[in-house]
Structures are given as structure tokens and as C-alpha cells.
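# Structural characterization, general
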Amino acid sequence: EKGGYEHFMLKEMYEQPKAITDTFSPRLKNGDIVIDELGMSDGDIREIRKIMIVACGSAYHTGVTGKYVFEGLARIPVEVDLASEFRYRDPILDEGTLVVVISQSGETADSLAALREAKARGRRVLGIVNVVGSSIAREADNVMYTWAGPEIAVATTKAYSCQLIALYLLAMKFAKVRGMISESELEEMITELKKIPAQVEMLLNNKDRIQKFANRYLAAKNIFFIGRGIDYAISLEGSLKLKEISYIHSEAYAAGELKHGTISLIEDGTLVTALVTQEELYKKTISNIVEVKTRGAFVMAVTNTGNTDVEKAADYVVYIPKTNKYFANSLAIIPLQLFGYYVSVGRGCDVDKPRNLAKSVTVE
Ligand code: M6R
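The following refers to the structure shown. Because the structure is a prediction, the values reported are computed rather than measured.

## Looking at the sheet that holds strand E10 (residues 271-276)
Strand order in the open sheet made by the 5 strands is E9-E8-E10-E11-E12, with parallel pairing throughout. Edge positions in the open sheet fall to strand E9 (249-254) and strand E12 (316-320), since each of these has one partner strand only. Between one strand axis and the next, the sheet turns through 15° on average, direction left out of account. Across 6 bridges, the pairing between strand E8 (residues 222-227) and E9 is parallel. Residue Ile-226 lies in a different strand from E9, and its bridge partner there is Tyr-253. Contacts between helix H10 (residues 207-214) and the sheet are confined to E10, strand E11 (298-304) and E12, with E12 contributing the most and set at about 155° to the helix.

## Side note on the nonpolar core
Core analysis: the biggest nonpolar cluster contains 90 residues, and Phe-174 and Phe-339 have the highest contact counts within it. Setting aside chain neighbours within four positions, we find Phe-339 in contact with Ile-210, Phe-213, Ala-214, Tyr-217, Ile-223, Leu-242 and Leu-271. In this structure, Phe-224, Leu-258, Ile-263 and Val-272 belong to the second largest nonpolar core, which totals 20 residues.

## Here's the deal with the packing of helix H8 (residues 158-177) against helix H9 (residues 183-204)
With their axes 11 Å apart at the nearest point, H8 and H9 run at an angle of 170° to one another. Classified by the angle their axes make, H8 and H9 are roughly antiparallel. Judged by residue contacts, Ile-165, Tyr-168, Leu-169, Met-172 and Lys-176 of H8 engage Glu-183, Leu-186, Met-189, Ile-190, Leu-193 and Ile-196 from H9.

## A short note on the packing of aromatic side chains
Using the criterion set out here, one finds 10 aromatic pairs in the structure. On the numbers, 5.2 Å between centres and 40° between planes, the contact of Tyr-145 with Trp-147 is tilted. Between Phe-213 and Phe-298 the ring centres are 6.2 Å apart and the planes differ by 35°, which places this aromatic pair in the tilted class. Of this pair, Phe-213 sits in helix H10 while Phe-298 is found in strand E11, placing the two residues 85 residues apart along the sequence. Clustering of aromatic rings is evident, with ring pairs tying together Phe-213, Tyr-217, Phe-298, Tyr-316 and Phe-339. Over the aromatic face of Tyr-247 sits the side chain of Arg-355, whose NZ or CZ is 3.7 Å from the ring centroid.

## A short note on the site of the ligand
In the vicinity of the ligand there are 14 residues, among which Ser-103, Gln-104, Ser-105, Thr-108 and Glu-244 approach most closely. Here an oxygen atom of the ligand and a backbone polar atom of Ser-58 are 3.0 Å apart. A distance of 2.6 Å is found between an oxygen atom of the ligand and a backbone nitrogen or oxygen belonging to Gln-104. Coverage of the ligand by the protein chains reaches 91% of its 410 Å² of free accessible surface. According to the grid-proximity analysis, the pocket containing the ligand is the largest pocket. The set of elements that each furnish at least two residues to the shell around the ligand consists of helix H4 (57-74) and helix H11 (230-246). Tallied by class, residues from the shell around the ligand come to 5 nonpolar, 7 polar and 2 charged.

## Topic: the packing of H9 against helix H14 (residues 328-346)
Remark: H9 packs on H14, axes separated minimally by 9 Å, with the N-to-C direction vectors making an angle of 25°. Judged on the interaxial angle alone, H14 and H9 are roughly parallel. Judged by the sense of rotation from one axis to the other, the crossing of H9 with H14 is right-handed. Here H9 contributes Ile-196, Gln-199, Val-200, Leu-203 and Leu-204 to the contact with H14, which in turn contributes Ser-330, Leu-331, Ile-334 and Leu-338.

## Let's talk about the sheet that holds strand E7 (residues 142-145)
Pairing between the strands of a sheet is mediated by backbone hydrogen bonds and can be parallel or antiparallel. Spatial ordering of the open sheet is given by E4-E3-E5-E6-E7, a layout of 5 strands whose pairing is parallel. The sheet is open, and its two borders are formed by strand E4 (78-82) and E7, each paired with just one other strand. Taking the axes of each pair of neighbouring strands and ignoring which way they run, one obtains an average angle of 20° across the sheet. Pairing of strand E6 (residues 124-129) with E7, which is carried by 4 bridges, proceeds in the parallel orientation. Counterpart to Val-129 in the pairing with E7 is Tyr-145. Along the sheet, H8 makes contact with strand E3 (50-55), strand E5 (97-103), E6 and E7, crossing E6 at roughly 140°.

## A short note on the pattern of salt bridges
Summed over all chains, the structure comprises 25 salt bridges. For Glu-79, the salt bridge goes to Arg-89, with nearest N and O atoms at 3.0 Å. Of the two residues, Glu-79 is situated in strand E4 and Arg-89 in the loop between helix H5 (83-86) and E5; the sequence distance between them amounts to 10 residues. For Glu-79, a relative accessible area of 28% corresponds to the partly exposed category. Taken together, the shared-partner salt bridges in this structure form one network comprising Lys-50, Glu-79, Asp-81 and Arg-89.

## Considering helix H2 (residues 16-24)
For H2, the set of buried residues is Gln-16, Pro-17, Ala-19, Ile-20, Thr-23 and Phe-24. Taken end-on, H2 shows its buried residues confined to a sector of 165°, consistent with a single buried face.

## Some details on the pairing of E10
A large share of E10 lies buried, amounting to 6 of its 6 residues. Where burial is concerned, the two faces of E10 agree: the one with Leu-271, Thr-273 and Leu-275 and the one with Val-272, Ala-274 and Val-276 are both buried. Pairing between E8 and E10: 4 bridges, direction parallel. Across the sheet, residue Phe-224 finds its bridge partner in E10, namely Val-272. In this sheet, E11 lies alongside E10 in parallel orientation, the contact comprising 6 bridges. Across the sheet, residue Leu-271 finds its bridge partner in E11, namely Phe-298. Running through helix H12 (residues 282-294), the crossover from E10 to the neighbouring parallel element E11 is right-handed.

Cut-offs and rules
- Residues numbered from 1 in each chain as written.
- Predicted model: local features only at pLDDT ≥ 70, side-chain atom pairs only at ≥ 80, totals over all residues.
- Heavy atoms only, no water.
- Pairing = 2+ DSSP bridges.
- Helix = DSSP H or I, 4+ residues; strand = E, 2+ residues; numbered from the N terminus.
- Axes fitted to C-alpha atoms, helices over the stretch in contact; angles between N-to-C directions.
- Contact = heavy atoms within 4.5 Å.
- Core = buried A, V, L, I, M, F, W, Y, C linked by side-chain atoms within 4.5 Å.
- Buried < 20%, exposed > 50% of the residue type's maximum accessible area, 1.4 Å probe, protein only.
- Parallel < 35°, antiparallel > 145°, perpendicular 65-115°, else oblique.
- Phe/Tyr/Trp six-rings, centres within 6.5 Å; stacked < 30°, edge-to-face > 60°.
- Lys NZ or Arg CZ within 6 Å of the ring centre and 35° of its normal.
- Near = heavy atom within 4 Å.
- Polar contact = N/O pair within 3.5 Å; in protein donor to acceptor, adjacent residues only side chain to side chain.
- Areas by Shrake-Rupley, 256 points an atom, 1.4 Å probe, with all protein chains shown as cover.
- 1 Å grid on protein atoms, 1.4 Å probe; cavity = no way out; pocket = protein on both sides within 12 Å on 5 of 7 lines; lining within 4 Å.
- Sits in = over half its atoms within 2 Å of the grid points.
- Nonpolar A, V, L, I, M, F, W, Y, C, P; charged D, E, K, R; others polar.
- Left-handed = near helix turned anticlockwise from the far one by under 90°.
- Salt bridge = Lys/Arg side-chain N within 4 Å of Asp/Glu carboxyl O.
- Arc of directions from axis to C-beta.
- Right-handed = clockwise from strand over helix to strand, strands pointing away.

Limitation: the analysis is restricted to geometry and does not speak to function.
As C-alpha cells, this is what we get:
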């Protein structure tokens, strides 16, 4: 059942190119994005005043990326909240707010309760769900399925990647309908989107190099992930992937926040993974790399091919192919998934079933 792979997690990582293709293909028609299941007319889309994204865990991390993508592309204000917070905080949900609940299992108790809360307040809820017919899929007003197929490993990989694709498609659609991007800009984005599966494949094939690197950190006490903007969202997920399956303490930090506390934890040899995929932020993040290196950190950077400035500052660089800036997460997450996976394997942990965790969290 693991198809020759040692773990479900590795198998599922390798299923990402196909899962991503299956998620975007049915929604690309004649150079346009068609999401019939949205149940929204162009008029409805123009009337959206705010998007409220609610989710837990990795699905929440895709929501954080979604905020940057929706705001940057479609200029719609977005709030992202953890479902367990949202449901108890008497949220303000004005008319014109579209609530988006993201969940792989469709059964996460807090996410389901958040959905019910939003519906009780009369708001339209769109579910981005992987499991067909699950509770969230049934109760949402509309469902956009991620076509990742069954995911067994507790640590999500392919469902996460498909959630990102669903969010890109939505943001591109909204941006187009609201006149924020032109026909030709959309066309260019679609061209880049279609390249993602092959680029992911290529990054997966780099696994031996990442494994070798991971083996150097099997005894690490703390590992940090830093980045700005979308790179911060990637950091959140990279950190969770590592800690949930390897039990090594890890934190993700918005790079500019480091000097407000966390930098005091940097010691000689501490690994800091820096995400540097957003061109307009290169210089700012590189200065954070220099700051942590001055305190003894060893820096692994994930950046775009050709960004040689990073090479001068960091100790170890993983390159990802150049893509549309809003899609960088889909590529940069691959080496981080592999890193978490190989640290877990190297430490002899139960990769697919980490202690204390369940695949779907049906209790609050
Ligand atoms: O099924 P869901 O997407 O609602 O699950 C949400 C989280 O429980 C899930 O993403 C969790 O954080 C994973 N273990 C992350 O790998």
C-alpha cells in the first residue's frame, strides 16, 4: 500500500505533482479560470468586501499564504484566524464577508464549529476540503475540492500543496473579475501555474542532498525558520513539518521580529533556515541572515535560482526555480518537507504516526 516507499509521507510527497495537476486542470478552461462549484456570479465576486479564512494547523498556514495572495493580487482585505480562536471570539462578520474554511479531513472539530458559527451569523461559507462528503464539505454553502486523494501520513504534504493551488485559483479568478489583473497577466500566471508540477518533481529529486544535510542536524536542540511576507507563511509550515515528526523544538519567525526576542536563543551552530523567495524583500531578509550569522548561526537559505547575493550571506543554499512570486510557497515548501522527513527518519521517529497526534482532530 505504500507503493514501494518507506513511509506514507514520502509516497504522498511524491504524489504532489499529480495532486497539484488534478487540482488545477479541471478549473482551467480556454485561458480562463472556471470554478463552477463556487456558486458565485461575477457580480457576487465584485461585492466581496472582505475574506475571512479560518482553519487549523497546516491548513491555517495555507490561509496565511492566501492572505498575501488575495490581498496582493485581488486587493481584497483578508483576515486569517485559527478556528479554535475564531469560534470563541464573537467575530465581526459584516455583510460582504466571504468566510473560507480550509480543511483536509473536513472533520476538524474547531473548523466545523467555526463554519457553523459563520453560517449562524448569516455569512456565506466556502469550504476548501479534501475528503469528499466530509462534514465541512456537507455543511459549507459551496465546496471547492482539493483533489489530493487519500492522505494517510499525519504530517500533511500533498493536501497542503493542493490547498495552496485552490487559493491561487480563487485569488486569480477574483483578481480577474474585479479588474485587478489583465487578460495577459492572467495568461502569464496560468502558464507559470502549469509549470509547478514539473518543478515540484525536480525539487523532490533533490532528496539525497537534503537527506545528507538533514543528517547533520539529528541532535539539534532548536531550529528556526525565518522569512518575510509569503516567506513567513512558508516558515510556519516548514517549522511545523519538522517539529511534529522529529520532536525537535522549532520556531518560525517573521524575520523582522527576530530582534524583538528570539535572537537571544541563537547560539554557536544553531540552524536557521531562511526563506528568501520574494524579490522586493531580498535585501531585508539578507540583513537578518547576517544578524544571526554574527551570533554564530549556521544558515540554510531557500531562494530563487540566480539570487547569488544570498549565496554570499548564507552557509548552505537550496535553489528553487523562478516562478510567479505568489506561487513561491509551492516550490519552497518541498525542500522543507524533505528536511523534516529526513530528520525524523534519521532520529528513528515514527514518521507517519507521530506521538500524541491524530490525522483528524475531531475533539476540541
Ligand atoms: O484536516 P485538517 O486540514 O482540518 O487538519 C488541520 C490540522 O490538524 C493539520 O493540518 C495538522 O496540523 C497536520 N498534522 C499538519 O501536518
